[in-house]
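# Observations on the model geometry
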Amino acid sequence: MSVQPMPWVQGLQPYQPGKPLAALERELGIRDAIKLASNENPLGTSVLVQEAISAACRVLGRYPEGAAPELRAALSRKLTVTENQILLGNGSDEIITMLCRCFAGPGVEVIVSQYAFSAYAIAARSVGAELIQVPATEYGHDLDAMAARIGSATRLIFLANPNNPTGTHFSAAALDAFLAQVPEQVLVVLDEAYAELMPAENYPNGLERLSRYPNLLVTRTFSKAYGLAGLRLGYAIANPELIALLERLRLPFNVNSLAQVAAIAALADHEHLQATLTNNRIGLALLEQGLKKFGLTTLPAAGNFITFFTPGLAQPLYEALLQRGVIVRPLLPYGLPSQLRVSVGNPQENQRFLQTLGEVL
Ligand SMILES: *Cc1c(COP(=O)(O)O)cnc(C)c1O
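These remarks concern the structure in this document. (Residues numbered from 1 in each chain as written. Predicted model: local features only at pLDDT ≥ 70, side-chain atom pairs only at ≥ 80, totals over all residues. Heavy atoms only, no water.)

With antiparallel pairing, 3 strands are arranged side by side in an open sheet as E9-E12-E11. Looking at the sheet topology across the chains shown, the edges are occupied by strand E9 (305–309) and strand E11 (329–331). Averaged over all adjacent pairs, the angle separating strand axes in this sheet is 30 degrees, with direction ignored. Two elements, E11 and strand E12 (residues 336–343), share 3 bridges in a ladder whose sense is antiparallel. What sits directly across from leucine 331, in E12, is leucine 336. Contacts from helix H10 (residues 270–293) reach E9 and E12 within the one sheet, and its direction differs from that of E9 by about 10 degrees. (Pairing = 2+ DSSP bridges. Helix = DSSP H or I, 4+ residues; strand = E, 2+ residues; numbered from the N terminus. Axes fitted to C-alpha atoms, helices over the stretch in contact; angles between N-to-C directions. Contact = heavy atoms within 4.5 Å.)

Pasting the structure below:
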């Protein structure tokens, strides 16, 4: 091939998603596989959302309204921020990419923690920035070490609270101590993909800190608690100047029509969210106890998933589970060869996972 990519593209590895349910069912010729591999909502899409989407199908011949004014209004009411503090993205993955296009490039350093959510690395490296991975402490962000690593070339820092795939999270005190050390020309991106699923006590809500730190941006998503992973919708909240800057980079129709109406309906469906939170709380405790009963060590469980240590390398256990129709997530791409991540399922899925794990161990 004679076309040549930019030099940094050669070093990128494609993202490895959880194995799709349909792919495994096709391979095994079965119909009852379960997927606990991508931290999706096990209760699925709310009925109100499905109805809203069906109604909106009639207008799919038209382009969406790019600025998504109704959704932004709904979000601004929900979060008590102004509409010009909100940027919508095609998943928070797109927001992460836009942040790197805006603030990073060759000669710029982007700081993340070891084991951090891999979208940061892909986005930073894809614009030719230098990715600085600060060694983790007990698998979590070493915030002091990350602050100490900030240099004159640093423009962007990604924090995930909790982090995926490790589930590690930090306190309000730790976050505040960190933010106090970050120079104002460095943007801190606080990824709160699991915010709705975190118990309110002890969870440092990034939104409450935006007025104090103009260099803070919070990202959230409809992919997890709101059950809209397939529609791709995430958002950023920050001060209006920062959002206006990012709006220049937003492609005209990045949030599709169905995602817009679905999100409005999802925000209004309090029952579905409550059912999701209850299922998650119970499921997380059940999985944690079940794993401990097998004598397996777990990382701190947060959000809607648990990462656990397997007795040896994780790959054979992953394959054995796959053969029995249970998809979990191997973490070798994160440099965690003996760990597997399992997402909370519905009660039947959680039981099936634990029972199958017992069989293959
Ligand atoms: C799942 C997840 C996201 C969400 O990505 P979307 O693109 O919005 O689906 C972002 N950050 C973390 C840490 C996640 O685990």
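All of the buried residues along helix H3 (residues 69–79) are Leu71, Arg72, Ala73, Ala74, Leu75, Ser76 and Leu79. In this structure, the buried residues of H3 make contact with strand E2 (86–89), strand E7 (216–221), strand E8 (234–237), helix H8 (240–247) and helix H9 (257–268). At the C-terminal side of H3, threonine 80 shows a positive phi close to 45 degrees. (Buried < 20%, exposed > 50% of the residue type's maximum accessible area, 1.4 Å probe, protein only.)

Before going further, it helps to examine the sheet that holds strand E4 (residues 130–134). The 7 strands lie next to each other as E2-E8-E7-E6-E5-E3-E4, forming an open sheet whose pairing is mixed. Two strands in the sheet have a free side with no partner beyond their single neighbour: E2 and E4. Mean inter-strand twist for the sheet, computed between neighbouring axes without regard to direction, equals 20 degrees. Strand direction decides the pairing type here: E2 and E8, joined by 4 bridges, are antiparallel. Along E8, the bridge assignment pairs glycine 89 with glycine 234. Of the strands in this sheet, strand E3 (109–113), E4, strand E5 (154–160) and strand E6 (187–191) touch helix H5 (residues 119–126), which is tilted by about 150 degrees from E4. Helix-sheet contacts for H8 involve E2, E6, E7 and E8, and the interaxial angle to E2 is about 30 degrees.

The buried fraction of E7 is high, at 6 of 6 residues. Of the two faces of E7, the one holding Leu216, Val218 and Arg220 and the one holding Leu217, Thr219 and Thr221 are both buried throughout. In terms of strand pairing, E6 meets E7 through 4 bridges, oriented parallel. Directly across from leucine 190, in E7, lies its bridge partner valine 218. Note: E7 against E8, 4 bridges, orientation antiparallel. Across the sheet, the residue bridging to threonine 219 is alanine 236, located in E8.

Phi is mostly negative for residues that are not glycine, and the peptide bonds are mostly trans. Following asparagine 161, the chain continues into proline 162 via a peptide bond in cis, with omega recorded as -5 degrees. Proline 165 follows asparagine 164 through a cis peptide bond whose omega is 20 degrees. The residue proline 165 is located in the loop between E5 and helix H7 (172–181) in this model. In this structure, tyrosine 139 takes a positive phi of about 70 degrees despite not being glycine.

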